[in-house]
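These are the residues of each chain, in order.
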Amino acid sequence: MSRKRQESFGGLYLSSRSSAEGGSRLYRLDDRNRAIGEMFSRIAPRYDLLNRLLSAGVDRRWRRAAVAEMTPASGGRHLDLATGTADMALEIVRQKGNAASVAGADLSVEMMRIGIGKCRKACPGVGVSFVRAPAESLPFRDAVFDSACVAFGIRNVVDRELGLAEMCRVVRPGGRVVVLEFSVPPGSVLGSLYRFYFTRVLPRIGGLLSRREAYEYLPDSVLSFPEPAEFEAMMRAAGCASVTSRPLTFGIATLYVGVR
Ligand SMILES: C[S@@+](CC[C@H](N)C(=O)[O-])C[C@H]1O[C@@H](n2cnc3c(N)ncnc32)[C@H](O)[C@@H]1O
């Protein structure tokens, strides 16, 4: 994989963008980036358990659907942005086979450490690599990936427009940009139930099994995330063509696909 070493000096990250304006660009992590990364590091040990529990296992089905949208159908080079504990990276290897290579990027080393352990166990010797990098400044050259995905990560990215633009930059023309994110189901009954679950039930379970603050942050970040039509427009503005979206499980999550 053609990749420059990510340089980080006191929170400064160098993007490998080879821009028309010329050269690389520096991104400085701000306090929100740091706070979000640290929060995920604190919940890392219980993240997978809570994911399975709180979604009753449907998150696995959503990830399968998202990876099925990534091209090519087998092999290829893929970016899993905000990889966390590497569930998407593992699903990519499962679907695309051992000839695929995956780069996982995330702010939290603790989340990725768990992901590294899972990859070693599930697919030793397969090309999954990890890098600590913010979505806003990716250490990859232009157009090196066949596809890029981000699952339940884009809502945490402080500069979302820049994160999407970076995803587009590193995907080759014709490649896919795939985003899986929570959404609020349409309709007042389902919408109210969803809000109740997210604001009342989930923080309690999260507080019992992990850090409550993270599971209070989750509803805030989900409820303030743009509606699908607005997010599709953001993907187009970032450089994706033919953007489509489809609701999953009554609209609890939405799968967005764009072509670079
Ligand atoms: C909810 S987890 C999702 C993890 C994984 N993609 C999954 O499907 O389970 C969100 C991840 O986004 C990462 N993250 C948050 N802001 C980020 C940023 N600006 N750049 C890169 N990763 C970020 C967090 O560290 C965390 O691991």
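Residues numbered from 1 in each chain as written. Predicted model: local features only at pLDDT ≥ 70, side-chain atom pairs only at ≥ 80, totals over all residues.

Attention now moves to the sheet that holds strand S10 (residues 253–259). As summarised here, the arrangement of the seven strands in space is S6-S5-S4-S7-S8-S10-S9, forming an open sheet in which the pairing is mixed. The open sheet terminates on both sides in strands that have one partner only, identified here as strand S6 (128–132) and strand S9 (241–248). On average, adjacent strands in this sheet sit at an angle of 15° to one another, irrespective of strand direction. Sitting on the sheet, helix H2 (residues 58–68) is in contact with strand S7 (145–151), strand S8 (171–182), S9 and S10, with an inclination near 165° to S8. (Pairing = 2+ DSSP bridges. Helix = DSSP H or I, 4+ residues; strand = E, 2+ residues; numbered from the N terminus. Axes fitted to C-alpha atoms, helices over the stretch in contact; angles between N-to-C directions. Contact = placed C-beta atoms within 7 Å.)

Residues in close proximity to the ligand total 22 residues, the closest being Ala82, Gly84, Ser108, Ala151 and Asn156. Listing elements by their share of the shell around the ligand, those giving two or more residues are helix H1 (31–54) and helix H3 (87–96). It is H1 that provides the largest number of residues to the shell around the ligand, a total of four residues. Looking at side-chain class alone, the shell around the ligand contains twelve nonpolar, seven polar and three charged residues. (Near = placed C-beta within 6 Å. Nonpolar A, V, L, I, M, F, W, Y, C, P; charged D, E, K, R; others polar.)

A word on unusual backbone geometry. Residue threonine 71 is joined to proline 72 through a cis peptide bond whose omega torsion reads 0°. Its location among the elements puts proline 72 in the loop between H2 and strand S4 (77–81). For phenylalanine 152, which is not glycine, the phi dihedral falls at a positive 55°. Structurally, phenylalanine 152 is set in the loop between S7 and helix H5 (160–170). Taking the C-beta count within 10 Å as the criterion, phenylalanine 152 has 23 such neighbours and is therefore assigned buried. One non-glycine residue, threonine 249, lies in positive phi territory at about 45°. Along the polypeptide, threonine 249 turns up in the loop between S9 and S10. (Buried ≥ 20, exposed ≤ 12 C-beta atoms within 10 Å, placed from the backbone.)

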